[in-house]
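Listed below, chain by chain, are the residues.
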Amino acid sequence: MISSTEMAVVDENAEALGVPRKQLMESSGNAVASVVRDVADPDASVALVCGRGNNGGDAFVAARFLSEYDVTVHLLGRAETIATAIAGENWTALEAAGIDTREVRDSAAFDLGDPDVVVDAILGTGVTGALREPEATAAKEINAAAATVVAVDVPSGVDADTGEADGTAVEAGHVVTFHDRKPGLEHVAADVTVADIGIPAAAERVVERGDLLRLSRDPTAHKGDFGEVLVIGGGPYTGAPALSAQAALRAGADLAYVACPESIAGEVQGYSENLIVEALPGDRLAPSHVPRLTELAVGMDCVVVGPGLGDAEGTLEAAASFLSAFERTAVVDADALQVVPALETEATLVCTPHQGELEAMGGETASDPDERAQLVSAFAAELGVTLLVKGACDIVSDGERTRLNRTGNPGMTVGGTGDVLAGSTGAMACVLDPAPAAALGAYANGRAGDLVVESNGYGLVATDLLETLPRALWPDETDR
Ligand SMILES: NC(=O)C1=CN([C@@H]2O[C@H](COP(=O)(O)OP(=O)(O)OC[C@H]3O[C@@H](n4cnc5c(N)ncnc54)[C@H](O)[C@@H]3O)[C@@H](O)[C@H]2O)[C@@H](O)CC1
Ligand SMILES: [K+]
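If you're wondering where the values come from, they're calculated on a predicted model, not measured in any experiment.

Asker: What should I look at first to understand the sheet that holds strand E5 (residues 148–152) in this one?
Answerer: Sheet strands pair by backbone hydrogen bonding; their relative direction is either parallel or antiparallel. Spatially, the seven strands line up as an open sheet ordered E3-E2-E1-E4-E5-E6-E7, and their pairing is parallel. The open sheet has two free edges, formed respectively by strand E3 (100–104) and strand E7 (191–195), since each of these has just one partner strand. Between one strand axis and the next, the sheet turns by 20° as a mean value, whatever way the strands run.

Set out below in structure tokens:
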């Protein structure tokens, strides 16, 4: 089962992996034609009723595969208004091939005739609200016809996620849907064929730029809507918590706080006026700080625990005690990872170890990449956390789904890149579920590093990543 958002992610990831959408459209159209052949007599007439989006585009392709039938293609609207280039190209190919095509300029001009089979390609996953005209009239005429109806992807007018229709919807006997079942089809009384359209398995397994579609920004957003992150870190180190908190801001969080020992608070603040610094008495995190940390954490969407904390006994005790009483999402990094295996907590944890830290936590590793991914998945399930295991290929798993991230480069072995990753993952966790947050945190960090190396060569430092994180997460066309 796949939601329309997830389908859009997978589709864009396939494109990033070298399988362009036009190729998928060719497979989709072929799959539709194959179901039409199953239901149509050899001398049948087939009417394809097409909208101006890619759902219609699938049917333009299908028409090319159905040359043995008496085929008519009805386009709802003018050809100049076809919404996508790939659908437009497939329309032009139909006209060039001399296939019977008709443009329906207004609903009164729509004449379905009396076909044996209707292909409903008015709208697919792109539908919003009730069908407008001429789509609504076309749907009514399809429903009034005696024909066998084959719907492309979903019956037009039906929401692929919910199965609900906001007004008229096509009633189809058959649905050809692509790649995986859509939840809305559970509520539709039709035979459903799921067609494999050649989306590579890697489009689901590998984190790619399609995953960025999860980060839509509502233009009416208010301050705080994208999250407030608290970084608990520092003591023996000053840079690490500052890097994490700045990364959270660069990755879209609205406010970033650092709670750190007062011995370094001035330095942390000195790195950036964008941070809100809370000084804790002393020079190391200690159990006596836990009540204040718990108070501070109340208003936060995510807490990042660990950057630069060190592993003094009282520090680890404080980290464990804070996390055991915490009930929302925390990213745990660096020395604080040690406390996770013995921890009992209601909190949702995202842990970001490298190989060495993973092994120190009790996790196993293997040289074979698939085996390594399986071990990470099993360990995530055992701990009940989301693991982001850093490496040349990062592995992200919540024990149910495992993703691989391949962005990043050897320049990123420099100090501080892990602190940036923890902070950007914290920002992602404010707006996304833990597993996609970790996956995008890893993707963005590596992509930011790749952008730096592309323009400067090696010799990158962690602060460079802060500058390129926004481009990694919100690329413009030139970054693709
Ligand atoms: N991985 C994928 O996502 C793939 C998608 N494909 C096809 O592409 C379809 C999605 O294509 P699109 O995103 O172009 O969307 P659609 O073709 O479903 O519809 C988009 C168009 O419909 C219009 N529209 C939206 N709501 C309307 C309403 N209530 N009344 C009238 N017009 C309305 C929009 O303005 C837009 O022009 C899928 O359903 C599937 O058939 C396939 O080609 C292959 C792969
Ligand atoms: K449809």
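Next, the rest of the story.
Asker: In this structure, what is going on with the site of ligand 1? I would like to understand it.
Answerer: Close to ligand 1 lie 31 residues, the nearest being Asp11, Gly53, Asn54, Gly124 and Gly126. Counting residues per element, the shell around ligand 1 draws most heavily on helix H3 (residues 54–65), at five residues. When the residues that make up the shell around ligand 1 are grouped by side-chain class, the tally is twelve nonpolar, 13 polar and six charged.

Asker: Hey, could you run me through the domain arrangement of the protein chain in this one?
Answerer: Where the parts come together, the accessible area they lose is often given as the size of the interface. Looking at the protein chain, the domain boundaries give domain 1 (4–205) and domain 2 (221–479). Using only C-alpha atoms to locate each centre, domain 1 and domain 2 end up separated by 44 Å.

Asker: I'm lost on H3 in this one. Help?
Answerer: Since one α-helical turn is 3.6 residues long, residues separated by three or four positions face the same way. Compared with the 16 Å implied by 1.5 Å per residue over twelve residues, the 17 Å span of H3 between its first and last C-alpha is a close match. Among the twelve residues in H3, ten count as buried, and that is most of the element. Among the residues of H3, those classed as buried are Asn54, Asn55, Gly56, Gly57, Asp58, Ala59, Phe60, Val61, Ala62 and Ala63. Of the surrounding elements, those touching the buried residues of H3 are helix H2 (21–39), strand E1 (45–50), strand E2 (70–76), helix H4 (85–96), strand E4 (117–121) and E5.

Asker: Looking at this model, I keep getting lost on helix H1 (residues 4–16). Mind explaining?
Answerer: Spanning 13 residues, H1 covers 18 Å between terminal C-alpha atoms, matching the ideal 18 Å at 1.5 Å per step. Buried within H1 are the following residues: Met7, Val9, Val10, Asp11, Asn13, Ala14 and Glu15. Of the surrounding secondary structure, the elements contacted by the buried residues of H1 are H2 and helix H6 (202–205). In the stretch just after H1, glycine 18 is the one whose phi turns positive, near 95°.

Asker: Help me understand the UniProt feature "binding site: AMP" (unreviewed entry) in the protein chain in this model?
Answerer: According to UniProt, the positions carrying the feature "binding site: AMP" (unreviewed entry) are Gly418. Relative to the helices and strands, glycine 418 is located in helix H13 (residues 417–431). Owing to 23 C-beta atoms within 10 Å, glycine 418 belongs among the buried residues under this scheme. Not counting chain neighbours up to four residues away, the residues in contact with glycine 418 comprise Asp333 and Lys390.

Asker: Explain the UniProt feature "binding site: K(+)" (unreviewed entry) in the protein chain to me, please; I cannot follow it from the model alone.
Answerer: Within the UniProt annotation, "binding site: K(+)" (unreviewed entry) is assigned to Asn55, Asp120 and Ser156. Across 102 residues of sequence, these annotated residues stay compact in space, with a maximum C-alpha separation of 9.3 Å. If you trace the backbone, serine 156 turns up in the loop between E5 and strand E6 (174–178). If we skip the residues at most four places from it in the chain, serine 156 touches Asp120, Ile122, Leu123, Ala139, Ala151, Ala169 and Val170.

What counts, and at which threshold
Residues numbered from 1 in each chain as written. Chains lettered and ligands numbered in written order. Predicted model: local features only at pLDDT ≥ 70, side-chain atom pairs only at ≥ 80, totals over all residues. Pairing = 2+ DSSP bridges. Helix = DSSP H or I, 4+ residues; strand = E, 2+ residues; numbered from the N terminus. Axes fitted to C-alpha atoms, helices over the stretch in contact; angles between N-to-C directions. Near = placed C-beta within 6 Å. Nonpolar A, V, L, I, M, F, W, Y, C, P; charged D, E, K, R; others polar. Domains from an automatic or database assignment. Expected span 1.5 Å × (residues − 1). Buried ≥ 20, exposed ≤ 12 C-beta atoms within 10 Å, placed from the backbone. Contact = placed C-beta atoms within 7 Å. UniProt positions renumbered as here; feature names shortened; annotations may be inferred.

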